[in-house]
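One letter stands for each residue in the lines below.
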Amino acid sequence: MTLPVTGVYCAAATPVLADLSPNLPAFTAHCRWLISEGCDGVALLGTTGEANSFSSAERKAVLEAALAGGLRGDQLMPGTGVANIPETVDLTRHALAQGVTRVVMLPPFYYKGVTDEGLYAAYARTIEAVGDARLQVVLYHIPQMSGIAISHDLIDRLRAAFPQTVVGIKDSAGKLDNMEAMIARFPGFSVLAGADPLLLPLMRMGGAGCITATSNLVGRDLALVYRGANDPAQAEAVATAQARIEAFRNLSNSYVQLPAIKGMIRYLTGDAGWSRMRPPLLDLTEAERATLRARLLTIGATVQGD
């Protein structure tokens, strides 16, 4: 069965300048590099991209910069879900106006303990207010950050009401059995892994691909796993790529993940500016950066700068 959204999408990090505004030239260069490494697209302005630390105007500027920098609309999947409906509608309409039809949409996440009925109402009102048949929504399940779980019953109801619009889910909860259950229950629905090491087992059970943080670093390996997961002739190459993916993911997760990802990009590019975070997130300490650099060398990375 053909799935509507497939491939390796990088949950792209967002570099910032000394004044903490988005570094648009560095971001667009990074996006082009990700595509050259084999990523099918860029899922910008998500958790890894620090989206909820940026204003709507800044988020629009980042998306426009990626397009101006040479990426096509069908290569981009911006996060447009925020804690209120009007801004979610505005960000989604802006993406569509730029020719970007696929978005990743968090549920409204401030109030905890909300019901499926409330979440359905929020998603339905948003989709209806956008009012564009081109729109494709990938739901974003990341309860460890949002505090809001997207249940299978909610997915079922949204798919029934908006079958051409609600086309997939990014599952960042890290539970393979949850993804397997969605694949079984929702034929034709794109289930995308939010954790890099889970791409391989997910592809072997009929998954659609991934949207992951470590693809900022090992997109080439993820692309190889995505394309070769079910090809016995590529088993050795896939195993090698999977080991590299796991090494980078484990390294990033041994620190606070988002500053670690940006710190790793810093050392792979030689651009110290990549380490900057927008508060409340902070850069790694000097000691942490030193150990991160040393550990990158031990997993075979080519390191630049100090």
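A brief look at the structure comes next. Predicted model, so just to flag it, every value in this text is computed and none were measured.

With that settled, the discussion passes to the overall build of the protein. Regarding its fold elements, the protein presents twelve helices and seven strands. When burial is assessed residue by residue, the protein has 54% of its 306 residues classed as buried. The contacts of the protein with a sequence gap of at least 6 include a subset with a gap of at least 24, amounting to 68%. Working note: accessible area of the protein is about 12500 Å², and carbon and sulfur atoms make up 54% of it. Within the protein, one finds 26 positive and 28 negative side-chain charges whose respective centroids are separated by 2 Å.

Read from one edge of the open sheet, seven strands run 2-1-7-6-5-4-3, paired in parallel fashion. Looking at the sheet topology across the chains shown, the edges are occupied by strand 2 (41-42) and strand 3 (102-105). As defined by bridge partners, strand 1 (residues 7-10) adjoins strand 2 across two bridges and the pair is classed as parallel. Within strand 2, the residue paired with tyrosine 9 across the bridge is glycine 41.

Within the structure shown, the criterion is met by two aromatic pairs. For the ring pair tyrosine 110 and tyrosine 111, a centre distance of 5.0 Å and an interplane angle of 85 degrees mean the geometry is edge-to-face. Taken as a pair, tyrosine 110 and tyrosine 111 share a single burial class, namely exposed. Plain terms: the ring middles of phenylalanine 186 and phenylalanine 189 are 5.7 Å apart, the flat faces sit at 70 degrees to each other, and that makes the pair edge-to-face. According to the relative accessible area criterion, phenylalanine 186 is buried, its value standing at 1%. Here the basic side chain of lysine 112 rests over the ring of tyrosine 110, its NZ or CZ set 5.9 Å away from the ring centre.

What counts and how
Residues numbered from 1 in each chain as written. Predicted model: local features only at pLDDT ≥ 70, side-chain atom pairs only at ≥ 80, totals over all residues. Heavy atoms only, no water. Helix = DSSP H or I, 4+ residues; strand = E, 2+ residues; numbered from the N terminus. Buried < 20%, exposed > 50% of the residue type's maximum accessible area, 1.4 Å probe, protein only. Contact = heavy atoms within 4.5 Å. Areas by Shrake-Rupley, 256 points an atom, 1.4 Å probe, with all protein chains shown as cover. Lys, Arg positive; Asp, Glu negative; His and termini not counted. Charge placed at Lys NZ, Arg CZ, Asp CG, Glu CD. Pairing = 2+ DSSP bridges. Phe/Tyr/Trp six-rings, centres within 6.5 Å; stacked < 30°, edge-to-face > 60°. Lys NZ or Arg CZ within 6 Å of the ring centre and 35° of its normal.

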